[in-house]
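# Observations on the model geometry
Below are the chains, spelled out letter by letter.
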Amino acid sequence: MVDLAALIADIAVAMAAQEERGQVASYIPELAKIDPAHFGIAIATADGRLLAGGDADTAFSIQSISKVFALTLALGKVGDQLWDRVGREPSGNAFNSIVQLEQEHGIPRNPFINAGAIVVSDVNLGGHQPRVAIGEMLRFVRYLTGDDSIAINEDVAASETGTGFRNMALANYMRAFGNLRHPVDLVLGTYFHQCAIEMSCRQLALAGRYLMLDGRHPDGGRVVSPGRARRINALMLTCGHYDASGDFAFRVGIPGKSGVGGGILAIVPGRASIAVWSPGLNDNGNSQLGTQALELLARRTGWSVFSPPEEGD
Ligand code: GLU
């Protein structure tokens, strides 16, 4: 069996030595201020351990990783009816692309591209004011982690509100097709605030545990049904890295969801919930070192959804 603590230490050392660290997202001005030198990793295991390395306690903007938690809440509210308004196919386009929406009549390809996540925010609003939906989201991630200190960075939310012209275009376009039920500013207020939640790798790895445990909360009770956990994992594998989802599945082989803040949440069903963070992004908008670290971790542990668990694993 692999010594996970030693492996995490090796990975943190290897990543610290990397010179090619990608580019920090600059289209949200507040994110452009983050130092690309950071690298953090944390692994919550199915047997209840939490191992961490590098900057695992530094909070970062989870951005699109919030789409996993928002999807979980929306499925809880409307169940499979969600799929009348959002697809389940990889987009093959950038995270903020508008091109498919016209041909596909305002139905976004999946809940993990921006357009799809904006529809999910519309569902989560459910006739309330954004602060109610945002409060519910915060309570949910605090419940998943058992940590009430998790909060929203209001400067990041304001920064994105001031510059989120593409998201405004996506939302207005979908509203024109009748696929948003609430006013665009309320939907985007909800969406921008959920993206601005800050978590550390340690907190994020804890938050993902229900997806490695077939929907169970490790402290008892159920977050979602086993079937729903499996489906969320399937969507993370096929759609979690925008138009690089196929490459991530090929290189890493486990479900993962990235965000432009440089974080990635990755799930090894039955074994581990992993969070990595490094703010520099590759050309597809996914963390450069985060992806490399997960590739190394998967190779050294043998973790993959495409191979059986090893003896003693
Ligand atoms: N809030 C970001 C946006 O909508 C999230 C994008 C991401 O993390 O991929 O542009």
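Residues numbered from 1 in each chain as written. Predicted model: local features only at pLDDT ≥ 70, side-chain atom pairs only at ≥ 80, totals over all residues. Heavy atoms only, no water.

## Details of the layout of surface pockets
- Counted as a void, the second largest pocket has a volume near 190 Å³.
- Forming the walls of the second largest pocket are 16 residues, and the residues nearest its centre are E30, L31, I34, S61 and E198.
- Within the lining of the second largest pocket, the residues separate by chemical class into 10 nonpolar, 3 polar and 3 charged. (1 Å grid on protein atoms, 1.4 Å probe; cavity = no way out; pocket = protein on both sides within 12 Å on 5 of 7 lines; lining within 4 Å. Points joined across faces, edges and corners; volume = space filled by probe spheres on them. Nonpolar A, V, L, I, M, F, W, Y, C, P; charged D, E, K, R; others polar.)

## Topic: empty space enclosed by the protein
- Counting across every chain of the model gives 3 cavities of 30 Å³ or more.
- Counted as a void, the largest cavity has a volume near 70 Å³.
- Lining the largest cavity, in full, are S91, N93, A94, F95, S97, Q100, L101, P108, R109, I113 and A115.
- Class assignment for the residues of the lining of the largest cavity results in 6 nonpolar, 4 polar and 1 charged.

## As for the sheet that holds strand β8 (residues 263-268)
- Spatially, 5 strands are ordered β3-β2-β9-β8-β7 in an open sheet, and the strand pairing comes out antiparallel. The outermost strands of the open sheet, each flanked by one partner alone, are β3 (50-54) and β7 (256-258). In this sheet, neighbouring strand axes are inclined to one another by 10° on average, regardless of whether the strands run parallel or antiparallel.
- Pairing of β7 with β8, which is carried by 3 bridges, proceeds in the antiparallel orientation. Looking at the pairing, G256 lines up with A266 of β8.
- With respect to the sheet, helix α1 (residues 4-16) is in contact with β2 (40-45) and β3, its orientation differing from that of β3 by roughly 20°. (Pairing = 2+ DSSP bridges. Helix = DSSP H or I, 4+ residues; strand = E, 2+ residues; numbered from the N terminus. Axes fitted to C-alpha atoms, helices over the stretch in contact; angles between N-to-C directions. Contact = heavy atoms within 4.5 Å.)

## A closer look at helix α7 (residues 165-176)
- Between its first and last C-alpha, α7 extends 16 Å over 12 residues, near the 16 Å set by a 1.5 Å rise per residue.
- Taken as a whole, α7 has its buried residues at N167, L170, A171 and M174. Looking straight down α7, one finds that the buried residues subtend no more than 95° of arc, so they occupy a single side. Turned more than 90 degrees off the buried face of α7, the exposed positions are F165 and A176.
- Buried residues along α7 sit against α3 (99-103), α4 (114-125), α6 (154-163) and α8 (184-195).
- G178 occupies a position one or two residues after α7 and carries a positive phi of about 80°. (Expected span 1.5 Å × (residues − 1). Buried < 20%, exposed > 50% of the residue type's maximum accessible area, 1.4 Å probe, protein only. Arc of directions from axis to C-beta.)

## Looking at the pairing of strand β9 (residues 272-277)
- With respect to burial, β9 is a largely interior element, 6 of its 6 residues being buried.
- Alternating residues of β9 divide into A272, I274 and V276 and S273, A275 and W277, and every residue in both groups is buried.
- Sheet topology note: the β8/β9 ladder contains 6 bridges and is antiparallel. Its bridge partner being in β9, I267 is matched across the sheet by S273.
- The loop that links β8 with its antiparallel partner β9 comprises 3 residues; one of these, G270, has a positive phi angle of about 80°.

## Quick look at the packing of aromatic side chains
- Enumeration according to the criterion identifies 5 aromatic pairs in this entry.
- Centroid distance F140 to Y143: 6.4 Å. Interplanar angle 35°. Geometry classified as tilted. In this pair, F140 and Y143 are both assigned in helix α5 (residues 130-145), 3 residues apart and thus about one turn of the helix distant.
- Look at Y173 and F177: their rings are 5.5 Å apart centre to centre, the planes differ by 85°, and that puts the pair in the edge-to-face class.
- Under the relative-accessibility criterion, Y173 is labelled partly exposed at 26%.
- Of the aromatic side chains, those joined through ring pairs into one cluster are F140, Y143 and Y210. (Phe/Tyr/Trp six-rings, centres within 6.5 Å; stacked < 30°, edge-to-face > 60°.)

## Here's the deal with the nonpolar core
- F69 and I118 are the most contacted members of the largest nonpolar core, which totals 75 residues.
- Ignoring sequence-local partners within four residues, the contact set of I118 consists of N167, L170, A171, M174, L180, V187, L188 and Y191. (Core = buried A, V, L, I, M, F, W, Y, C linked by side-chain atoms within 4.5 Å.)

## Here we look at the sheet that holds strand β5 (residues 151-152)
- Taken in spatial order, the 3 strands make up an open sheet running β4-β6-β5, and their pairing is antiparallel. The open sheet terminates on both sides in strands that have one partner only, identified here as β4 (60-61) and β5.
- As judged from the 2 bridges shared by β5 and strand β6 (residues 197-199), these two strands associate in the antiparallel manner. Residue pairing in the sheet places I152 in a bridge with I197 of β6.

## Digging into the site of the ligand
- Looking at the ligand, the residues that line it are Y27, Q63, S64, F95, N114, E160, N167, Y191, C195, Y242, G259 and V260.
- A distance of 2.9 Å separates an oxygen atom of the ligand from a polar atom in the side chain of N167.
- V260 is positioned such that a nitrogen or oxygen atom in its backbone is 2.8 Å from an oxygen atom of the ligand.
- Relative to its unbound accessible surface of 300 Å², the ligand loses 99% to contact with the protein.
- When the residues that make up the shell around the ligand are grouped by side-chain class, the tally is 6 nonpolar, 5 polar and 1 charged. (Near = heavy atom within 4 Å. Polar contact = N/O pair within 3.5 Å; in protein donor to acceptor, adjacent residues only side chain to side chain. Areas by Shrake-Rupley, 256 points an atom, 1.4 Å probe, with all protein chains shown as cover.)

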